[in-house]
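Fold and contact review
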Amino acid sequence: MRVIYLCQHFPPETGAPQIRVYEVSKELISRGHQVEVLTAFPHHPHGIIPEEYKGKFYMYEDWDGIPVHRSWIYPSPKGSFWKRLASYFSFTFSAFYSLMKAKPTDVIICNSPPLFLGITGYLGAKMKRAKFVFNVADIWPESAVELGILKNKSFIRLAEWLERFLYKKSWKIATATEGIKDYMIRKGKDSSDVFLLPNGVNTETFKPITKDESLLSEIGIQGKKVFMYAGALGYAQGLDSVLEAASLLKDKQPDAHFLFVGDGQEREKLVKMKEDLGLENVTFYGSVPVSEMPRMFSIADFSVVSLRNIELFKGARPSKIFPAISSGVPVLYCGDGESAAILEEYNCGKIAPPENPEGIAHAILELMTISSDEYQAMSEYGRKLAIEQYSWKSIVDEILDNIEVKEKKKANS
């Protein structure tokens with residue numbers, strides 16, 4: 001098959017969408033399919049375009065064996081909503097140039113968010129006489145409204161109209177979670193035209209390895225039970241509740257240590273909170289490249305994944321879960337809904353109520369007392385789940401099954 005992957009974010013940026021596009025593209029190419037990625041110049045999360053891309057409108061490059069077309073974007077990570085909107089639209093339009101440069105294709109897979117990129121995906125599919133597959137990882141604008149980011153009623157109505165139009169015009173919709181899949185079906189999409197494309201993990205890169213004692217020594221946490229949060233330090237994660245739980249435990253359970261790996265808009269606020277609460281049981285390590293993450297997971301006894309207590313998040317499957325369980329690290333999930341049910345069903349994590357410091361602290365105390373046999377079982381169950389359901393090989397199997405089934409049906413009709 002010939003596939004174009006249209007997405008705003010791609011390596012060298014880090015994050016769930018970037019990793020998903022990279023890994024799916026690599027797996028498809030390894031199976032003999034033609035893949036081209038159409039993306040923006042790197043700019044996330046700091047809104048700075050690297051020197052080698054500055055001053056250019058378009059650039060073609062080979063990224064680890066993947067043909068990549070990059071086009072201009074107006075970077076605006078921390079500006080006003082309207083500046084972020086300008087950023088979205090700048091790539092929505094510049095990507096048409098990459099479409100003209102790209103080879104003929106059978107399918108265009110377009111990532112959302114941003115929702116507006118669906119305009120490029122839909123019109124690009126018309127230009128290329130290709131199928132339009134809309135890959136929806138977040139229900140927008142609903143999520144932005146619930147988080148209080150989007151308040152302009154006229155704009156909300158316009159965005160909702162565009163959302164309905166793109167869902168209707170897509171050949172198929174790939175969704176990151178079962179909750180989003182159900183939402184699409186409720187919106188009128190036939191169930192046979194919606195399939196699951198969850199976040200996944202490279203199970204060869206992320207696997208159980210021996211603890212890195214030198215890293216434990218560098219951070220100064222030898223002999224501690226390490227509860228590690230790795231990812232964006234953003235508002236949606238509700239990490240202030242985790243720090244409050246750490247405060248409740250600093251005297252009661254001094255052997256528990258909280259390690260935050262990553263950066264984000266809430267970092268300064270969280271660091272100040274740590275200082276105000278006098279939390280010596282908390283360390284902010286900063287960001288590390290993806291290549292260093294297996295080493296970080298080697299020193300983690302538990303991986304903390306946290307979300308705010310918002311109804312929309314009950315359908316979330318945070319990407320942070322999968323490298324952890326693939327590394328044999330059980331998850332402390334501070335959330336509710338779909339992910340909590342998966343972790344409980346496969347016995348590879350502990351669930352705490354979201355934005356509830358007392359509940360989170362209670363769950364941590366329970367994890368501190370489990371036996372080595374119980375811990376080993378949780379570790380092995382998580383690894384097994386990652387390999388069987390969330391490896392990129394199994395996910396690409398699912399993509400191809402869904403894309404090819406429709407083609408066969410059409411050929412037989």
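Computed from a prediction, not measured in an experiment: that's the story for all the values here.

**Focus: the domain arrangement of the protein**
When cut into domains, the protein gives domain 1 (2-197) and domain 2 (213-390). Between domain 1 and domain 2, the C-alpha centre-to-centre distance is 29 Å. Every contact between the two is made by 14 residues of domain 1 and, on the other side, 12 residues of domain 2. Of the roughly 980 Å² buried between domain 1 and domain 2, counting both surfaces, carbon and sulfur atoms make up 69%.

**So, the sheet that holds strand E14 (residues 349-352)**
Within the open sheet, the 6 strands sit side by side as E11-E10-E9-E12-E13-E14. Their pairing is parallel. Looking at the sheet topology across the chains shown, the edges are occupied by strand E11 (282-286) and E14. Shown here is a sheet whose adjacent strand axes are inclined to one another by a mean of 25°, direction ignored. Taken together, the 4 bridges between strand E13 (residues 331-334) and E14 define a ladder with parallel strand orientation. When the bridges of E14 are listed, Tyr-333 appears paired with Ile-351.

**Considering the pairing of strand E9 (residues 225-230)**
Within E9, 5 of the 6 residues are buried, which leaves it mostly tucked inside the rest of the structure. Direction of pairing for E9 relative to strand E10 (residues 256-261): parallel, over a ladder of 6 bridges. Bridge pairing in E10 places Tyr-229 opposite Phe-260. Of the strand pairs in this sheet, E9 and strand E12 (residues 302-306) are connected by 2 bridges, and their pairing is parallel. Counted as the bridge partner of Met-228 is Ser-303 from E12.

**Section: the pairing of E12**
In terms of residue burial, E12 counts as a mostly covered element, since 5 of its 5 residues are buried. A two-sided burial pattern is seen for E12, the buried positions comprising Phe-302, Val-304 and Ser-306 on one face and Ser-303 and Val-305 on the other. Across 4 bridges, E12 lies against E13 in parallel orientation. Bridge pairing in E13 places Val-305 opposite Tyr-333. Once the chain exits E12 it traverses helix H11 (residues 321-326) before rejoining the sheet at E13, and the crossover so formed is right-handed.

**Overview of the UniProt feature "domain: Glycosyl transferase family" (unreviewed entry) in the protein**
According to UniProt, the positions carrying the feature "domain: Glycosyl transferase family" (unreviewed entry) are residues 222-384. Annotated as 41% helix and 18% strand, the span residues 222-384 places its first and last C-alpha atoms 29 Å apart.

**What about the sheet that holds strand E4 (residues 66-71)?**
The 8 strands are arranged E3-E4-E2-E1-E5-E6-E7-E8 in an open sheet whose pairing can be described as mixed. Because the sheet does not close on itself, it has two edges, and the strands there are strand E3 (58-63) and strand E8 (194-196). Direction aside, neighbouring strands of the sheet carry axes that sit 20° apart on average. Packed onto the sheet, helix H3 (residues 117-128) meets strand E1 (2-6), strand E5 (107-112) and strand E6 (131-136) and runs at close to 175° relative to E5.

**Focus: the layout of surface pockets**
A water-sized probe, rolled over the atoms, reveals where empty space remains. Volume-wise, the second largest pocket comes out at about 280 Å³. Residue lining of the second largest pocket: 15 residues in total, with Leu-196, Pro-198, Arg-317, Gln-389 and Tyr-390 positioned closest to the centre. At the level of elements, helix H6 (178-186), E8, helix H12 (338-345) and helix H15 (392-412) are the ones that each hand at least two residues to the lining of the second largest pocket. Of the residues contributing to the lining of the second largest pocket, the split by class is 8 nonpolar, 2 polar and 5 charged.

**Considerations on helix H2 (residues 81-101)**
A rise of 1.5 Å per residue sets the reference length of H2, with its 21 residues, at 30 Å; its end C-alpha atoms lie 31 Å apart and thus fit the reference within 8%. Of the positions making up H2, those classed as buried are Phe-81, Leu-85, Ser-87, Ser-90, Phe-91, Thr-92, Ser-94, Ala-95, Phe-96, Ser-98 and Leu-99.

**Here we look at the packing of aromatic side chains**
Applying the stated criterion across every chain yields a total of 19 aromatic pairs. Measuring from ring centre to ring centre gives 6.1 Å for Phe-116 and Phe-155, while their planes differ by 55°; the resulting arrangement is tilted. Of the two residues, Phe-116 is situated in the loop between E5 and H3 and Phe-155 in helix H5 (residues 153-169); the sequence distance between them amounts to 39 residues. Here a set of aromatic residues connected by ring pairs shows up, and it is made of Tyr-122, Phe-132, Phe-134, Trp-161, Phe-165 and Tyr-167. Seen from the ring of Trp-63, Arg-70 lies directly overhead, with NZ or CZ sitting 5.5 Å from the centre. The ring of Tyr-235 has Arg-308 lying over it, and the distance from NZ or CZ to the ring centre is 4.0 Å.

**Some remarks on a nonpolar patch on the surface**
A grouping of Phe-57, Trp-72, Tyr-74, Tyr-97, Met-100 and Met-127 is seen on the molecular surface, where their side chains present a nonpolar patch of about 610 Å² in accessible area. Topologically, Tyr-97 is positioned in helix H2.

**Section: the environment of Glu-36**
Position of Glu-36 among the secondary structure elements: in strand E2 (residues 34-40). Spatially, the C-alpha atoms of Glu-36 and Glu-52 are 21 Å apart, while their sequence positions differ by 16 residues. Ignoring sequence-local partners within four residues, the contact set of Glu-36 consists of Val-3, Ile-4, Tyr-5, Pro-67, His-69, Ala-102 and Lys-103.

Definitions and cut-offs
Residues numbered from 1 in each chain as written. Predicted model: local features only at pLDDT ≥ 70, side-chain atom pairs only at ≥ 80, totals over all residues. Heavy atoms only, no water. Domains from an automatic or database assignment. Contact = heavy atoms within 4.5 Å. Buried area = accessible area lost by both parts, 1.4 Å probe. Pairing = 2+ DSSP bridges. Helix = DSSP H or I, 4+ residues; strand = E, 2+ residues; numbered from the N terminus. Axes fitted to C-alpha atoms, helices over the stretch in contact; angles between N-to-C directions. Buried < 20%, exposed > 50% of the residue type's maximum accessible area, 1.4 Å probe, protein only. Right-handed = clockwise from strand over helix to strand, strands pointing away. UniProt positions renumbered as here; feature names shortened; annotations may be inferred. 1 Å grid on protein atoms, 1.4 Å probe; cavity = no way out; pocket = protein on both sides within 12 Å on 5 of 7 lines; lining within 4 Å. Points joined across faces, edges and corners; volume = space filled by probe spheres on them. Nonpolar A, V, L, I, M, F, W, Y, C, P; charged D, E, K, R; others polar. Expected span 1.5 Å × (residues − 1). Phe/Tyr/Trp six-rings, centres within 6.5 Å; stacked < 30°, edge-to-face > 60°. Lys NZ or Arg CZ within 6 Å of the ring centre and 35° of its normal. Patch = residues over 30% accessible without salt bridge, like charges linked within 9 Å, V, L, I, M, F, W, Y side chains within 5 Å. Areas by Shrake-Rupley, 256 points an atom, 1.4 Å probe, with all protein chains shown as cover. Salt bridge = Lys/Arg side-chain N within 4 Å of Asp/Glu carboxyl O.

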